[in-house]
Amino acid sequence: MAFVSPWWFIQLRNDLGLPLAGGKIYTYVSDTSIPKPVYYDSALSQPTPNPLILDSAGYCPQFFMENGAYTFHVTDANDVVIATRNEVLRDWE
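Residue numbers run consecutively from 1 along every chain, following the written order of its sequence. This being a predicted model, a pLDDT of at least 70 is required before a residue's local features are given, and a value of 80 or more before pairs of side-chain atoms are given or counted; all residues contribute to the totals for chains, interfaces and linings. Only heavy atoms go into the side-chain values, all of them from the structure, while hydrogens and water stay out.

What about the environment of S33?
- Its place among the elements puts S33 in the loop between strand 2 (24-29) and strand 3 (38-39).
- Separated by 38 residues in sequence, S33 and T71 have C-alpha atoms that sit 8.7 Å apart. Helix and strand assignments come from DSSP, with helices taken as H or I runs of at least 4 residues and strands as E runs of at least 2, each series counted from the N terminus.

Description of the confidence of the model for the protein chain
- pLDDT expresses how confident the predictor is about each individual residue, on a scale running from 0 to 100. The share of residues in the protein chain with pLDDT of 70 or more is 86%, and the mean pLDDT across the chain is 87.
- Confidence, expressed as mean pLDDT per element, reaches its minimum in the protein chain at strand 1 (residues 3-4) with 60 and its maximum at strand 2 with 95.

Observations regarding the nonpolar core
- For the purposes of this section, nonpolar cores are sets of buried Ala, Val, Leu, Ile, Met, Phe, Trp, Tyr and Cys residues that join through side-chain atoms within 4.5 Å. Exposure categories follow from relative accessible area, calculated using a 1.4 Å probe and restricted to protein chains: below 20% of the type maximum is buried, above 50% is exposed, and the middle band is partly exposed. Ranked by internal contacts, the top residues of the largest apolar core, which has 14 residues, are I25, F63 and M65.
- Tallying contributions element by element places strand 6 (residues 70-75) first for this core, with three residues.

Things to note about the sheet that holds strand 4 (residues 52-53)
- Note on pairing: two strands pair once DSSP finds at least 2 bridges between them. With respect to topology, four strands assemble into an open sheet ordered 4-2-6-7, the strand pairing being antiparallel. Every interior strand has two partners, whereas the edge strands, strand 4 and strand 7 (81-85), have only one.
- Across six bridges, strand 2 lies against strand 6 in antiparallel orientation. Bridging across to strand 6, K24 finds its partner in T75.

Digging into the pairing of strand 6
- Most of strand 6 is tucked away, with five of its six residues classed as buried.
- Examined bridge by bridge, strand 6 and strand 7 share four bridges and lie antiparallel to one another. The residue of strand 7 that forms the bridge with F72 is R85.

Examining the side chain of K24
- Its location among the elements puts K24 in strand 2.
- Residue class for K24 comes out buried when judged on its relative accessible area of 15%.
- Engagement of the side chain of K24 in a polar contact is seen with the backbone oxygen of A77, the distance being 3.5 Å.
- For the purposes of these results, a polar contact is taken to be a pair of N or O atoms within 3.5 Å, where, inside protein, one atom must be able to donate a hydrogen and its partner to accept one; residues adjacent in sequence count only when each atom of the pair is a side-chain atom. A polar side-chain atom of K24 sits 3.2 Å from a polar atom in the side chain of D79.
- Note on definitions: a residue-residue contact is assigned when non-hydrogen atoms from the two residues lie within 4.5 Å. Apart from residues no more than four positions distant in its own chain, K24 is found in contact with P51, L52, I53, L54, H73, V74, T75, D76, A77 and D79.

Structure (structure tokens):
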């Protein structure tokens, strides 16, 4: 089962309120440093790069997540951490 990303069509911004152009979203198994994939498609057959790169306006491409909890690290283009979100999604089964 796939879940649409929690940031679909949300503009990410830096501390000054400017779009996080070229920022990155790293995805991990919750509370670890083990990469956890996200996918371009709801069939979970086309993995995205990890990290996902935000466009010049601070948007990321739509992506789908597997069952289970994720940790997301949002960084700027230089890998300075802007935000961390733990346990982004729980199992729904």
